[in-house]
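Single-letter residue listing:
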Amino acid sequence: GESVGLHLPTLSVQEGDNSIINCAYSNSASDYFIWYKQESGKGPQFIIDIRSNMDKRQGQRVTVLLNKTVKHLSLQIAATQPGDSAVYFCAGSGGSQGNLIFGKGTKLSVKP
Amino acid sequence: GAGVSQSPRYKVAKRGQDVALRCDPISGHVSLFWYQQALGQGPEFLTYFQNEAQLDKSGLPSDRFFAERPEGSVSTLKIQRTQQEDSAVYLCASSFNGAGELFFGEGSRLTVL
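A brief structural summary. (Residues numbered from 1 in each chain as written. Chains lettered and ligands numbered in written order. Predicted model: local features only at pLDDT ≥ 70, side-chain atom pairs only at ≥ 80, totals over all residues. Heavy atoms only, no water.)

Next up on the list: the pattern of salt bridges. Tallying each qualifying case throughout the model produces 6 salt bridges over all chains. One salt bridge connects Asp84(A) with Arg61(A), and the closest N-O pair in it is separated by 2.9 Å. On the criterion of sequence distance, the pair formed by Asp84(A) in the loop between strand S8 (72-77) and strand S9 (86-93) and Arg61(A) in the loop between strand S6 (56-58) and strand S7 (62-67) is long-range, its members being 23 residues apart. Arg61(A) gets classed as partly exposed once you look at its relative accessible area, which sits at 30%. The residue Glu68(B) makes a salt bridge to Lys78(B) at a minimum N-O spacing of 3.3 Å. Of this pair, Glu68(B) sits in strand S7 (residues 65-68) while Lys78(B) sits in strand S8 (residues 75-79); the two residues are 10 residues apart in sequence, bridging distant segments of the chain. Owing to a relative accessible area of 25%, Glu68(B) belongs among the partly exposed residues under this scheme. According to the relative accessible area criterion, Lys78(B) is partly exposed, its value standing at 33%. (Salt bridge = Lys/Arg side-chain N within 4 Å of Asp/Glu carboxyl O. Helix = DSSP H or I, 4+ residues; strand = E, 2+ residues; numbered from the N terminus. Buried < 20%, exposed > 50% of the residue type's maximum accessible area, 1.4 Å probe, protein only.)

Structure follows, in structure tokens:
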């Protein structure tokens, strides 16, 4: 079946350190992956995306890595800040447009 | 407004009541999506509209769930005869053309007693 899941439910890092959040997916047909950040009481906010024809994409302080061989996705956040504290979801494209399959999420806590 | 607007933000219903949740997408966005997010879980796809056409409703959990977007703008998600398992946050998202970035609203939190 289709699933997108995360390896760890919680991650605690020191302010200024780099964070790495991992995600595994099972649907080989997924050709588009997105990372979302969700703060308490708010909707998911787009962070960065990557298509299956790429293995790396960089944004501002964030990098997404895609390993299609092992169906693994990761989000790297450089110099993590207290404002980065949130739940992070990976999502992969499903059967139709906008039908994204989300993982359960990883809660990132940043210690000052 | 500049973002996706949802109302009500919070809704408490007694089991068996009907509820209606409203979504105002970003102006000009052709595509509109509804997701259901249970506590501690990731969002799950419910349904997708392109303009007024409902192109995918495969995620609707039962025939008690109904969504419409009659004029291709505002959308309403209706849940009939609510059950406790319907308690969740219902997220609406819109995108310019369906293939691009999804912009989510803050959600409507439904609690069924």
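With that settled, the discussion passes to the interface of chain A and chain B. The partner chain B presents 22 residues to the 17 residues of chain A that form the contact. Roughly 1,500 Å² of surface becomes buried between chain A and chain B when both sides are summed, with 49% attributable to carbon and sulfur atoms. Summed over the shared surface of chain A and chain B, the number is 0 salt bridges. At the junction of chain A and chain B, the tally comes to 3 residue pairs in polar contact (both at pLDDT 80 or more). Breaking the side of chain A that touches chain B down by element, the ones donating at least two residues are strand S4 (32-38), strand S5 (45-51) and strand S10 (100-102) of chain A. (Contact = heavy atoms within 4.5 Å. Buried area = accessible area lost by both parts, 1.4 Å probe. Polar contact = N/O pair within 3.5 Å; in protein donor to acceptor, adjacent residues only side chain to side chain.)

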